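Each chain, letter by letter, is given below.
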Amino acid sequence: MDHTELKEHVLYALDMLYARDAGLLEQDVGEWSIAHRLAVYLEQRLPSWNVDCEYNRQGPEQDKKKSTGGAAVRPDIIVHHRGRVEREHNLLAVELKKAEAASDRPKTREYTAAPNGDRKFQYQYGLVVSVVPVPQLTWFANGVQISYQGHEPDDRRCASPTG
């Protein structure tokens, strides 16, 4: 899947989040609750992929997922085929923050870089998304930032009850 197609799926999922779960943002709930709802909407758009939250395993032996330096990692949301470490089976790693922060950019960049050290996986794309007040998206591929955009949620995408 190319970046343009994936970005459309992500923007749709964000629109669904704002249309159907705005109360979570207004109530200042934890990021895990928001990430879960975003993952639900991504899963609806990407039925041939597994969409998991806080997934910390890699490969057929289900080893702990580690950074290059050996620290345990678990992206907020991943879109992948479970049990596979090859790049073509790891589509997207998402780090979500309620407010814009640069703190997740280095690790998300690393998720998209070629395997190195203790890190045996590589995602095709990485995304840092902040959701308040409006979504800000920073995209990565091959270990570099490829785009940054703000997104004004559009509930017209969400007119159908089935999404």
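The structure we're discussing is the one just above.
Keep in mind that this is a model prediction, so the values were computed, not measured.

What counts, and at which threshold
- Residues numbered from 1 in each chain as written.
- Predicted model: local features only at pLDDT ≥ 70, side-chain atom pairs only at ≥ 80, totals over all residues.
- Heavy atoms only, no water.
- Buried < 20%, exposed > 50% of the residue type's maximum accessible area, 1.4 Å probe, protein only.
- Helix = DSSP H or I, 4+ residues; strand = E, 2+ residues; numbered from the N terminus.
- Pairing = 2+ DSSP bridges.
- Expected span 1.5 Å × (residues − 1).
- Arc of directions from axis to C-beta.
- Contact = heavy atoms within 4.5 Å.
- 1 Å grid on protein atoms, 1.4 Å probe; cavity = no way out; pocket = protein on both sides within 12 Å on 5 of 7 lines; lining within 4 Å.
- Points joined across faces, edges and corners; volume = space filled by probe spheres on them.
- Nonpolar A, V, L, I, M, F, W, Y, C, P; charged D, E, K, R; others polar.

Notes on the pairing of strand S4 (residues 77-80)
Okay, so step 1: Residues of S4 alternate between two faces, with Ile77 and Val79 on one and Ile78 and His80 on the opposite face, all of them buried.
Okay, so step 2: Bridge count for strand S1 (residues 50-53) against S4 is 4 bridges, and the pairing is antiparallel. When the sheet's bridge partners are listed, Cys53 is paired in S4 with Ile77.
Okay, so step 3: Pairing analysis gives 4 bridges linking S4 to strand S5 (residues 90-99), with the strands arranged antiparallel.

Here we look at helix H3 (residues 31-45)
Okay, so step 1: Given a rise of 1.5 Å per residue, 15 residues ought to cover 21 Å, and the 21 Å separating the end C-alpha atoms of H3 matches this to within 8%.
Okay, so step 2: Along H3, the positions that sit buried rather than exposed are Ile34, Ala35, Leu38, Ala39, Tyr41 and Leu42. Taken down its axis, H3 places every buried residue within 165° of arc, on the same side.
Okay, so step 3: The inward-facing, buried residues of H3 abut helix H1 (3-20), helix H2 (22-26), S1, S4, S5 and strand S6 (125-132).

Section: empty space enclosed by the protein
Okay, so step 1: In total, this model carries 2 cavities of 30 Å³ or more according to the counting rule given.
Okay, so step 2: For the second largest cavity, the calculated volume is near 40 Å³.
Okay, so step 3: Around the second largest cavity sit Lys97, Ala99, Glu100, Ala101, Arg105, Val128, Val129, Ser130, Gln136 and Thr138, which together line it.
Okay, so step 4: Sorting the residues of the lining of the second largest cavity by element identifies S5, S6 and strand S7 (136-141) as the ones contributing at least two each.
Okay, so step 5: Of the residues forming the lining of the second largest cavity, the biggest block, 3 residues, is contributed by S6.
Okay, so step 6: Across the lining of the second largest cavity, the residue classes break down as 4 nonpolar, 3 polar and 3 charged.

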